[in-house]
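Architecture and fold: a report
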Amino acid sequence: VIATTTGMSALELHKHIDPEKERIVAISHHVGFREKGVDPMTAEQRESLRAHGIHVLTTGHALSGVGRGISNKFGYLSPQELMAATLRMFGQGVKVTVEITIMAADAGLIPMTGDVMAIGGTGKGADTACVLTPAHSNHVFEMHIKELVCKPL
C-alpha cells in the first residue's frame, strides 16, 4: 500500500516488485483535498497506474474526513484527529502508513489474513515504510505496527 498524489511514487515502487508475487494499491488524496471539486491526480496519471496493474483508491482520509469537517466548523479536535496527532509523534509518514492501510482495508483491496507493507511520506515523496497487520476502521485497535522499516530522523 503506498500513498501517492501524482502516481510517481507508485510507479517507482512498481519497478522494484515482482508483479507475479506482489500487488500495489495506491492511495491518492480525495477529490477536493486542496481545491473544491478538483482531483489532484489527473486522468492520465490514473490511467498510467492502471496500465501497470496498480489499483488506485481515492476516498476520504480515515484519520480526518468528516471529523476534520466538524472541527473546522466548530473548533474542536475529533477522535480521528487526536489519533492522527498521536501517530505524528512518530512522524508524519507513520501516520500516513496507518491511515492508508485502514483505507485499503475498508475498500477490500488488501488481504486481511497477513501483514502488509505500507509506504508513506512527509510532505513530498516516500520516506517511511511500516509492516502492519491491517484492520478495518471499525476495528482500528486490532491493527498492529509490527515493524518500522524506515523513517526520517
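Above: the structure in question.
First, a word on scope: everything that follows refers to the structure included in this document. (Residues numbered from 1 in each chain as written. Predicted model: local features only at pLDDT ≥ 70, side-chain atom pairs only at ≥ 80, totals over all residues. Heavy atoms only, no water.)

1. Section: the overall build of the protein chain
Across its full length, the protein chain carries five helices and six strands. Along the protein chain, helices and strands appear, N-terminal first, in the series β-α-β-α-β-α-α-α-β-β-β. Against the globule reference of 15 Å for 153 residues, the protein chain gives a C-alpha radius of gyration of 15 Å, in line with a compact fold. Across its three principal axes, the protein chain shows a C-alpha extent of roughly 45 × 35 × 30 Å. Among the 153 residues that make up the protein chain, the fraction classed as buried is 37%. Considering only intrachain contacts with a sequence separation of at least 6, the fraction spanning at least 24 residues in the protein chain is 53%. Of the roughly 8,900 Å² that the protein chain leaves accessible, carbon and sulfur atoms contribute 58%. Counting 14 positive and 15 negative side-chain charges, the protein chain places the averaged centre of each group 7 Å from the other. (Helix = DSSP H or I, 4+ residues; strand = E, 2+ residues; numbered from the N terminus. Rg over C-alpha atoms; globule rule 2.2 N^0.38 Å. Buried < 20%, exposed > 50% of the residue type's maximum accessible area, 1.4 Å probe, protein only. Contact = heavy atoms within 4.5 Å. Areas by Shrake-Rupley, 256 points an atom, 1.4 Å probe, with all protein chains shown as cover. Lys, Arg positive; Asp, Glu negative; His and termini not counted. Charge placed at Lys NZ, Arg CZ, Asp CG, Glu CD.)

2. Looking at the environment of Ser48
Examined against the element boundaries, Ser48 turns out to sit in helix H2 (residues 43-51). Ser48 sits in the partly exposed class, given a relative accessible area of 26%.

3. Regarding the pattern of salt bridges
Taken as a whole, this structure holds five salt bridges when the rule is applied. Glu12 is the salt-bridge partner of Lys15, the closest N and O atoms lying 3.0 Å from each other. With a shortest N-O distance of 2.8 Å, Glu99 and Lys95 are connected by a salt bridge. On the criterion of helical spacing, the pair formed by Glu99 and Lys95 is a turn pair, its members being four residues apart in helix H5 (residues 92-106). Of the two residues, Glu99 and Lys95, neither departs from the other in class, the shared state being buried. (Salt bridge = Lys/Arg side-chain N within 4 Å of Asp/Glu carboxyl O.)

4. Focus on the nonpolar core
Residues Val1, Ile27 and Ile110 are the most contacted members of the largest nonpolar core, which totals 23 residues. Every element with two or more residues in this core is listed here: strand E2 (25-28), helix H4 (79-88), H5, strand E4 (116-120) and strand E5 (128-133). Sequence-distant contacts of Val1, that is, excluding residues within four places in its chain, are made with Val25, Ile27, Ile100, Thr101, Ala104, Ile110, Met117, Ala118 and Ile119. In terms of nonpolar packing, the next biggest core, distinct from the first, is built from eleven residues, Ile2, Ala26, Leu49 and Ile119 among them. (Core = buried A, V, L, I, M, F, W, Y, C linked by side-chain atoms within 4.5 Å.)

5. Let's talk about the state of the cysteines
Applying the stated criterion to the full structure yields zero disulfides. No disulfide involves Cys130; its nearest neighbouring cysteine sulfur is the one of Cys150, lying 8.1 Å away. (Disulfide = S-S within 2.5 Å.)

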